[in-house]
Structure formats: structure tokens, C-alpha cells
Amino acid sequence: MELSLSPTSHRVPSTIPALNSHTLFTKATTPQPLFLGFSKHFHSIGLLHHTHRSCLNPIPKRPWRPGSIRACTGVGAAGSNRPFANKVLDLKDACWRFLRPHTIRGTTLGSFALVARALIENSNLIKWSLLFKAFSGLFALICGNGYIVGINQIYDISIDKVNKPYLPIAAGDLSVRSAWFLVIFFAVAGLSIVGLNFGPFIFSLYTLGLFLGTIYSVPPFRMKRFPVAAFLIIATVRGFLLNFGVYYATRAALGLTFEWSSPVVFITTFVTFFALVIAITKDLPDVEGDRKYQISTFATKLGVRNIVFLGSGILLMNYIVSVLAAIYMPEAFRRWLLIPAHTIFALSLINQTLILEQANYTKDAISGFYRFIWNLFYAEYAIFPLI
């Protein structure tokens, strides 16, 4: 989402020489939907707010930060005089960006899709009493998501100042102490909810997910330094654990023993491979900072262009296998949906790859391609309950 910086100058008549003109700088964000983001909306889901700052001199140009509004209104607008409501909105915005909204969309949409599939397969067992349990489970997943992305930001401040200066800690909008408070809250809240409501097996899966997210970012493990380990962790957490865990928990809540179905096997396998693609392409926009801080990724080792073609190739194989599964297993899948949907997704991916090639892999083009990958991820979950 592009935000423009537009100055509005207020001129003072020359007959009053004692007064100086001043300039008002503003940025605005537009609230975004929670689930399906499109490319230009990827980086933020905004909470409209204002931050005021007093300044006697012009403010030096600062990096754009999604979801924030900065204002310099001239002498007398001291930060201490800002309305309390504005301060609260600023904090909410910083916390929201801290959660990395695009990952929440993926987690939430995936959870809804798996629950919907389990209910479609056992519609006679649906009870309204399960609604609270379902939403508590979703909240626990969001807490787990928040813990993993939060702990990563705490240990990546220097790198994020180069790669992602809009993130709240790197931008100075959220203190490290507050970030620690949030991640501890997420971990405790998530573990408590799962432990009290979903039994020992799901609790062990949830704990495993938090453990993998921890060793991904935290020294001395910091497995993100090792490309193979990094993408295996991401694929395991976002691919297998999320899909298997949510489906298992839903069936258990319905009073059923676990049993694989063809669609659930399909989505678990599909999303696990898709998570591999996300894991290797997520570093494409971050090559500059990763090289500066000696973080070894596939993008820094093999080059941006090679990783783009590798990721696109894996996704194309995913789509081809999906079409073949619909052709050879008509009793398990709806051909009328699976074949045309994945054909469109595959052609769109090829087109986006060619656009990136024509753009000569500029940073903006790479970021756009990565957002498109996430949109394909959302789209897969969107059609899953109906396949």
C-alpha cells in the first residue's frame, strides 16, 4: 500500500513579520480486512490514529512505516499534551504491526478452513455449545503466532532496521521491554487455553510449535542462520502442525476419533510444500540486511533470481499435482472446482514471475511478488472447504 507525504503550507501575511510559516505533514492509512489481503494491502491492517510532535525545525525525512501517521504542527504541540485516546491508538497500531498481520490472516483463514471442513464432513454433530471452544482455540493459535513473530523481532532489531524499518521495535514505536511483555503474555495465554480445553496431545503439539519458533530466533540456537533448518521449521509449524492439529482438535471436540480424509491429506501436504516456498521466498526482500549481518539464506547463497524460479517451480508442481489428483480421484474431490481454480492460480503465478523478471528484480517488485505468494496461500484455504 503506497502512502504519500503531502505538505500543506500555511502562509502568514507579510504585514505580520513576527510569525513564521509552518508545514503540516500527515500520513494516513486505511483499515484493511482481516482475512483476504490483496497485494497492495499486504503490510498493514491499520487502526487510524495520529501522532503529534512538536518541532522548531523541519523534520528530516524518515522511512515510511505502514500503519502510522506522523504530524509536525509547529511550536506548542508538545507530545505530552497529546490526547490520551491518541496515545492508546498509537499503542494499538504498534501492537498490531508487532503481530505481523499477514501471518495472522494465514493462521486464521487456515483454522476456519480446517474447522469448516470437519463440520461439513460431520454436519449432524454440530452443536452451538462448541462455538466458545472454537473461538478460544483460534485465540490460542493467534497467541502462538504472536509469540513466534514477536520473539523473532526482539532478536532481529538491527537486521530489521535495514530490512523492515517499519516494524514497531525497529521503528522505535514499541520498546523492547513492552515487546517482551507481549510475547510472554502470548505464550502464557496460549498454553493456558490449550492446556485447559484441548487435552494433552494437542497441548504437546502446541508446545512443540512454540519450541520450534523459539529455536528459530533465539541464540544460541538461532536456526534461522541455517537455510535448510529454517525452512523445515517454517514448513513444520505452518504446514503440518497447524493443519493436523486444528483438524484433530475439531474432531475431538465433536466426540470423534482422529481419521484422515482425502481433502485433509491434500491440504496438509499442499500447505506444507507451500510453506517451504514461503520459507525460501520470505528472505528475498531482505537480502541487503541479511548479507550485512551475515545471515545465511537461500536468497543470499543462490541469488534472488534463482530463488524466485525455485519457489515458482515448487508451487507449479503443487498445482499440477492438485489437478492430477482431481482427474484421477473424482470420488474424493470436486473436479469442477479443483481443476479450474488451480489452473488459474498456476497461470497467475507464471504471469507474476514474468513481471518480476521484466522489472529486473527491483526491491519493490520483489516485495510485490512475495505479497502475491501470500495471496495464493490465502486463496488455497479459501477454496479448501468446498473441494
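Residues numbered from 1 in each chain as written. Predicted model: local features only at pLDDT ≥ 70, side-chain atom pairs only at ≥ 80, totals over all residues. Heavy atoms only, no water.

1. Description of the overall build of the protein
The following threshold applies: For helices the rule is a DSSP run of H or I covering at least 4 residues; for strands it is a run of E covering at least 2, with both sets numbered from the N terminus onward. Whether a residue is buried, partly exposed or exposed follows from its accessible area with a 1.4 Å probe, protein chains only, as a fraction of its type maximum: under 20%, in between, or over 50%, in that order. Pairs of residues are marked as contacts when any of their non-hydrogen atoms sit within 4.5 Å. Areas reported here follow the Shrake-Rupley algorithm with a probe of radius 1.4 Å; residue values treat only the protein chains shown as occluding.
Along the backbone of the protein there are 14 helices and four strands. The buried share of the protein, taken over its 387 residues, is 50%. Intrachain contacts of the protein at a sequence separation of at least 6 include 72% that bridge at least 24 residues. A total accessible area of about 19100 Å² is found for the protein, and carbon and sulfur atoms account for 67% of it.

2. Here's the deal with the environment of Phe 384
Here Phe 384 shows up in the segment after helix 14 (363-383). Sequence separation between Phe 384 and Val 264 is 120 residues; the distance between their C-alpha atoms is 8.9 Å.

3. Observations concerning helix 6 (residues 176-197)
Side chains three or four residues apart in an α-helix point the same way, a direct result of the helix having 3.6 residues per turn. Stated precisely, the cut-off is as follows: What a helix should span is 1.5 Å times the count of its residues minus one.
With 22 residues, helix 6 extends 32 Å from end C-alpha to end C-alpha; this agrees with the ideal 32 Å at 1.5 Å per step. Contacts from the buried residues of helix 6 go to helix 1 (84-98), helix 3 (131-154), helix 5 (168-171) and helix 7 (199-217). Following helix 6 by one or two positions, Gly 199 adopts a phi angle in the positive range, close to 85°.

4. Comments concerning the nonpolar core
Rules: The set of buried Ala, Val, Leu, Ile, Met, Phe, Trp, Tyr and Cys residues whose side-chain atoms join them within 4.5 Å is what this entry labels a nonpolar core.
In terms of nonpolar packing, the biggest core is built from 92 residues, with Phe 274, Tyr 319 and Tyr 381 touching the most fellow members. Ignoring sequence-local partners within four residues, the contact set of Tyr 381 consists of Gly 106, Leu 109, Gly 110, Ala 113, Leu 114, Arg 238, Leu 242, Asn 243, Ile 267 and Val 271.

5. A closer look at a nonpolar patch on the surface
We count it as follows: Candidate patch residues must exceed 30% relative accessible area and have no salt bridge, after which like charges are joined if within 9 Å and Val, Leu, Ile, Met, Phe, Trp or Tyr side chains if within 5 Å. Salt bridges are identified by distance alone: a Lys or Arg side-chain nitrogen within 4 Å of an Asp or Glu carboxyl oxygen.
Residues Met 317, Ile 320, Val 321, Leu 324, Ile 327, Tyr 328 and Met 329 make up a contiguous nonpolar surface patch of about 680 Å² in total accessible area. Among the secondary structure elements, Leu 324 is positioned in helix 12 (residues 304-328).

6. Focus: unusual backbone geometry
Backbone geometry follows two general trends: most residues other than glycine have a negative phi, and most peptide bonds adopt the trans configuration. The omega angle of the peptide bond from Pro 219 to Pro 220 is 5°, so this bond is cis rather than trans. Within the secondary structure, Pro 220 sits in the loop between helix 7 and helix 8 (227-253). Although it is not a glycine, Asn 360 adopts a positive phi angle of roughly 60°. Mapped onto the secondary structure, Asn 360 falls in the loop between helix 13 (335-358) and helix 14. On the basis of relative accessible area, Asn 360 is assigned to the exposed category, the value being 62%. At Tyr 361, a position not held by glycine, the phi torsion is positive, near 60°. Here Tyr 361 shows up in the loop between helix 13 and helix 14.

7. Let's talk about the environment of Val 149
Among the structural elements, Val 149 can be located in helix 3. On a C-alpha basis, the gap between Val 149 and Leu 99 in space is 6.6 Å, while along the polypeptide they are 50 residues apart.

8. What about the pattern of salt bridges?
One pass over the full model with this rule turns up eight salt bridges. The shortest N-O distance in the salt bridge between Lys 164 and Asp 286 comes to 2.5 Å. Separated by 122 residues along the polypeptide, Lys 164 in the loop between helix 4 (157-163) and helix 5 and Asp 286 in the loop between helix 9 (262-281) and helix 10 (287-292) bring together distant segments of the chain. There is no split in this pair, since Lys 164 and Asp 286 are both buried. Counted as one network, the salt bridges with shared partners bring together Asp 93, Arg 97 and Asp 173.

9. A short note on the side chain of Asn 318
Mapped onto the elements, Asn 318 comes out in helix 12. Residue Asn 318 is classed as buried on the basis of its relative accessible area of 8%. Among all residues touching Asn 318, those that are not within four sequence positions of it are Phe 270, Phe 273 and Phe 274.

10. Looking at the packing of helix 12 against helix 14
Quick reminder of the rule: Each axis is a line fitted through C-alpha atoms, taken for helices only over the stretch in contact, and angles between the N-to-C directions span 0 to 180 degrees. With respect to orientation, any angle under 35 degrees is reported as roughly parallel, any angle over 145 as roughly antiparallel, any angle of 65 to 115 as roughly perpendicular, and every other angle as oblique. Rotating anticlockwise by less than a right angle from the far helix to the near helix defines a left-handed crossing, while the corresponding clockwise rotation defines a right-handed one. Here the term charged refers only to Asp, Glu, Lys and Arg, the term nonpolar to Ala, Val, Leu, Ile, Met, Phe, Trp, Tyr, Cys and Pro, and the term polar to all other amino acids, Gly among them.
Remark: helix 12 packs on helix 14, axes separated minimally by 12 Å, with the N-to-C direction vectors making an angle of 15°. Classified by the angle between their axes, helix 12 and helix 14 sit roughly parallel to one another. As helix 12 runs across helix 14, the sense of the crossing is left-handed. Along the contact surface, helix 12 presents Val 304, Val 308, Ser 312, Leu 315 and Tyr 319, while helix 14 presents Ile 366, Phe 369, Ile 373, Leu 376 and Glu 380. Residue composition of the contact of helix 12 with helix 14, grouped by class: eight nonpolar, one polar and one charged.

Purely spatial values, then, with no claim about function.
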